[in-house]
Amino acid sequence: MNPRRWLPLLCLAGGSVLLSCADIAAPSRSGAYEWRRIVATASGPDTLSFHWPQARLPVRFWAEDTLNLPVHVQQAIDQWQAAFLYGEFRGELVADSSIADVIVASGIAPKGGLSVTRLESLMAPECQGATDIELDASGHQILPPIRVYVDPRFDPAAPGVDACMALTTTHEVGHSLGIFAHSPNAEDIMFADPVVAELSPRDRATAELASHTEPTLTAAPR
Amino acid sequence: MRAPLTLLLTLAAGATALEAQVDYSARLGVTWATALVRDDIINEIEVRQKLAPTLVLGVALPIAPLYRAGLELALATSGYQSNEEGGTTVDLGTLRTGTITLGLDGPVSHGLRWRAGVGLLRYLPAEDQGIFLRGGTTRFLAGAGIDYRRPIMTKWDLMASLHYDFHRFTTDELEARGFSQSQGVQRIGVSIGLARGHR
């Protein structure tokens, strides 16, 4: 066996080992904002956090067929799905509300439960939204469906209302995924009075952290 | 009229002689790869392609008494998944790869030949989502391997191949998300098939 015949192979192998050592460098997600909801209890503050477990995916959304809501909900699902790199969330629109995990309807939220957000928009005054999450008696299990309400404040055909409905739907769907708090930054979709139509890098980083944090809430079977 | 005819006959004779020296091979096998991405969100996460059935087609021409230059096309398809430290595994869909490699091979000893080459590797996800949200990616690749051939008929050889290659992986989506550098990915493939050519 002539060692010179092996030379090209050995050079390539050596080079490849040297070149293939380093790993990709993950980005900092330090821009993420607080997404958990802190509630006061008799024994002190309680931190509520949630994300849909893999076994419950895809999350089933039902949208009332009015005010372009099915389109807005599908766009919201698409935006939130695109926020994740590793399949943490998938959603789908369903026709039957009785099997839905999240129900999106027009109108003003009629009841309490744990109202994660009751959006009173100042910067985008054309519409408002709210997400109601009902907990069981223990306070640590969500009783689906989560109910999302989006409501136009003016004539739905008025300028800006449809765009407001779209971004508010995306905001409320964000709550239904487990982002229970608002961003302090107006450039984020999860700002209390959202004015942007797209998720920001902070929104994505927050959603990623929320979906990889051990939740304190579980979802009851539907 | 005789000159063009002579040229045509000469070219035809040359092509026939060339064809007689061309070596073809077709093999089936599997490819194993190291992680495509490593991330850290609360826990460590890695994305990895599953063991991929692979079809390899090759053609080679002699360039020296002992050496051949060749072109090889490999197609592999499998699922890919994310694994989070602590046990959560998520199937992310189907991922196909197409590789084209230009290489050299030469003798080692009885029936054994080394091979080395460079080429391009294209990742073709079934769906544009997750790390492939902005589509697949094409990467430069370098590899090497060992082939074993054993004659089984007049012109046909049984061919077994062990192959190693590496490339550096990233995607447009990962770069847009702020991932820097790229991930060194090493792949090992084994395949078996038939080769036809001159001896």
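Residues numbered from 1 in each chain as written. Chains lettered and ligands numbered in written order. Predicted model: local features only at pLDDT ≥ 70, side-chain atom pairs only at ≥ 80, totals over all residues.

1. Observations concerning the overall build of chain B
- Tallying secondary structure elements over chain B gives two helices and ten strands in all.
- Scanning chain B from its N terminus toward the C terminus, one meets helices and strands in the order α-β-β-β-β-β-β-β-β-β-α-β.
- Looking at chain B as a whole, 37% of its 199 residues are labelled buried.
- Partitioning the contacts of chain B with sequence separation of at least 6, the portion at a separation of at least 24 is 57%. (Helix = DSSP H or I, 4+ residues; strand = E, 2+ residues; numbered from the N terminus. Buried ≥ 20, exposed ≤ 12 C-beta atoms within 10 Å, placed from the backbone. Contact = placed C-beta atoms within 7 Å.)

2. Thoughts on the overall build of chain A
- Summing up its helical and strand segments, chain A has four helices and ten strands in all.
- Along chain A, helices (α) and strands (β) appear in the sequence α-β-β-β-α-β-β-β-β-β-β-α-α-β when read from the amino end.
- Taken across its 222 residues, chain A has 43% of its residues classed as buried.

3. As for the pairing of strand E7 (residues 127-133) of chain A
All names here are of chain A.
- E7 sits mainly inside the fold: seven of its seven residues count as buried.
- Residue alternation in E7 divides its side chains into two sets, Cys127, Gly129, Thr131 and Ile133 and Gln128, Ala130 and Asp132, and both sets are buried.
- By the bridge criterion, six bridges tie E7 to strand E9 (residues 146-152) in an arrangement that is antiparallel. The residue of E9 that forms the bridge with Ala130 is Tyr149. (Pairing = 2+ DSSP bridges.)

4. Topic: the confidence of the model for chain B
Residue and element names in this part refer to chain B.
- Of all residues in chain B, 89% have pLDDT values of 70 or greater, and the mean over the chain is 90.
- When the elements of chain B are averaged for pLDDT, helix H1 (residues 2-21) gives the smallest value, 57, and strand E5 (residues 68-84) the largest, 97.
- Prediction confidence for the complex, expressed as pTM and ipTM, is 0.86 and 0.84 respectively. (pLDDT = per-residue confidence, 0-100.)

5. As for the nonpolar core
- Residues A:Phe61, A:Val73, A:Trp80, A:Val102, A:Val104, A:Val148 and A:Ile179 are the most contacted members of the largest nonpolar core, which totals 73 residues.
- Setting aside chain neighbours within four positions, we find A:Val102 in contact with A:Val59, A:Phe61, A:Pro145, A:Ile146, A:Val148 and A:Ser176. (Core = buried A, V, L, I, M, F, W, Y, C linked by C-beta atoms within 7 Å.)

6. Considerations on helix H3 (residues 161-177) of chain A
- Between its first and last C-alpha, H3(A) extends 24 Å over 17 residues, near the 24 Å set by a 1.5 Å rise per residue.
- Extensive coverage of H3(A) is indicated by the burial of 14 of its 17 residues. (Expected span 1.5 Å × (residues − 1).)

7. Quick look at the interface of chain B and chain A
- On the chain A side, the residues contacting the 36 residues of chain B number 28 residues.
- Secondary structure elements with two or more residues in the side of chain B that touches chain A: strand E2 (37-41), strand E3 (43-49), strand E6 (89-109), strand E7 (112-125), strand E8 (137-151) and strand E10 (183-196) of chain B.
- Ranked by residues supplied to the side of chain B that touches chain A, first place goes to E6(B) with seven residues.
- When its residues are assigned to classes, the side of chain B that touches chain A shows 18 nonpolar, 14 polar and four charged. (Nonpolar A, V, L, I, M, F, W, Y, C, P; charged D, E, K, R; others polar.)

8. Comments concerning the pairing of strand E9 (residues 156-169) of chain B
Residues and elements named next belong to chain B.
- For E8 and E9, the ladder comprises eleven bridges, and the chain directions are antiparallel. Each bridged residue has a counterpart across the sheet, and for Gly145 the counterpart in E9 is His163.
- A loop of four residues connects E8 with E9, the two strands running antiparallel in sequence.
- Pairing geometry for E9 and E10, over 14 bridges, is antiparallel. Along E10, the bridge assignment pairs Trp156 with Arg196.

9. Some points on helix H4 (residues 201-212) of chain A
- Across its twelve residues, H4(A) extends 17 Å between first and last C-alpha, which sits within 8% of the 16 Å expected from 1.5 Å per residue.
- In terms of residue burial, H4(A) counts as a mostly covered element, since eleven of its twelve residues are buried.
- Turning to H4(A), its buried residues number three or more, namely A:Arg202, A:Asp203, A:Arg204, A:Ala205, A:Thr206, A:Ala207, A:Glu208, A:Leu209, A:Ala210, A:Ser211 and A:His212.
- Packed against the buried residues of H4(A) are helix H2 (69-82) and H3 of chain A together with E2 and E3 of chain B.

10. Concerning the packing of H2(A) against H3(A)
Residues and elements named next belong to chain A.
- With their axes 9 Å apart at the nearest point, H2 and H3 run at an angle of 55° to one another. As summarised for this structure, H2 and H3 are arranged oblique, according to the angle between their axes. Helix-helix and strand crossings are classified by hand; for H2 and H3 the assignment is right-handed. Listed contacts from H3 to His72, Val73, Gln75, Ala76, Ile77, Gln79 and Trp80 of H2 are Met165, Ala166, Thr169, Thr170, Val173, Gly174 and Leu177. (Axes fitted to C-alpha atoms, helices over the stretch in contact; angles between N-to-C directions. Parallel < 35°, antiparallel > 145°, perpendicular 65-115°, else oblique. Left-handed = near helix turned anticlockwise from the far one by under 90°.)

11. Some thoughts on the environment of B:Ile63
- By the element assignment, B:Ile63 lies in the loop between strand E4 (52-62) and E5.
- In the structure, B:Ile63 is positioned 41 residues away from B:Leu104 in sequence and 9.2 Å away in space, judged by C-alpha atoms.

12. Comments concerning unusual backbone geometry
Residue and element names in this part refer to chain A.
- Geometrically, the link from Leu57 to Pro58 is a cis peptide bond, its omega value of 0° lying close to zero.
- Its place among the elements puts Pro58 in the loop between strand E2 (44-48) and strand E3 (59-63).
- The residue after Pro144, namely Pro145, is reached through a cis peptide bond having omega 10°.
- Summarising the element assignment, Pro145 is placed in the loop between strand E8 (141-142) and E9.

13. Re the environment of A:Leu67
- Residue placement: A:Leu67 occurs in the loop between E3 and H2.
- In sequence terms A:Leu67 and A:Asp151 are 84 residues apart; their C-alpha atoms lie 9.1 Å from each other.

14. Examining the confidence of the model for chain A
All names here are of chain A.
- Per-residue confidence for chain A averages 86 on the pLDDT scale, and 84% of its residues sit at or above 70.
- Ranking the elements of chain A by mean pLDDT puts strand E6 (residues 114-119) last with 46 and E3 first with 98.
- Every residue in residues 115-123 scores below 50 in pLDDT, and together they form 27 contacts with partners more than four places removed in sequence or on other chains.

15. Things to note about the environment of A:Gly129
- Following the sequence through the fold, A:Gly129 ends up in strand E7.
- In sequence terms A:Gly129 and A:Val148 are 19 residues apart; their C-alpha atoms lie 7.4 Å from each other.

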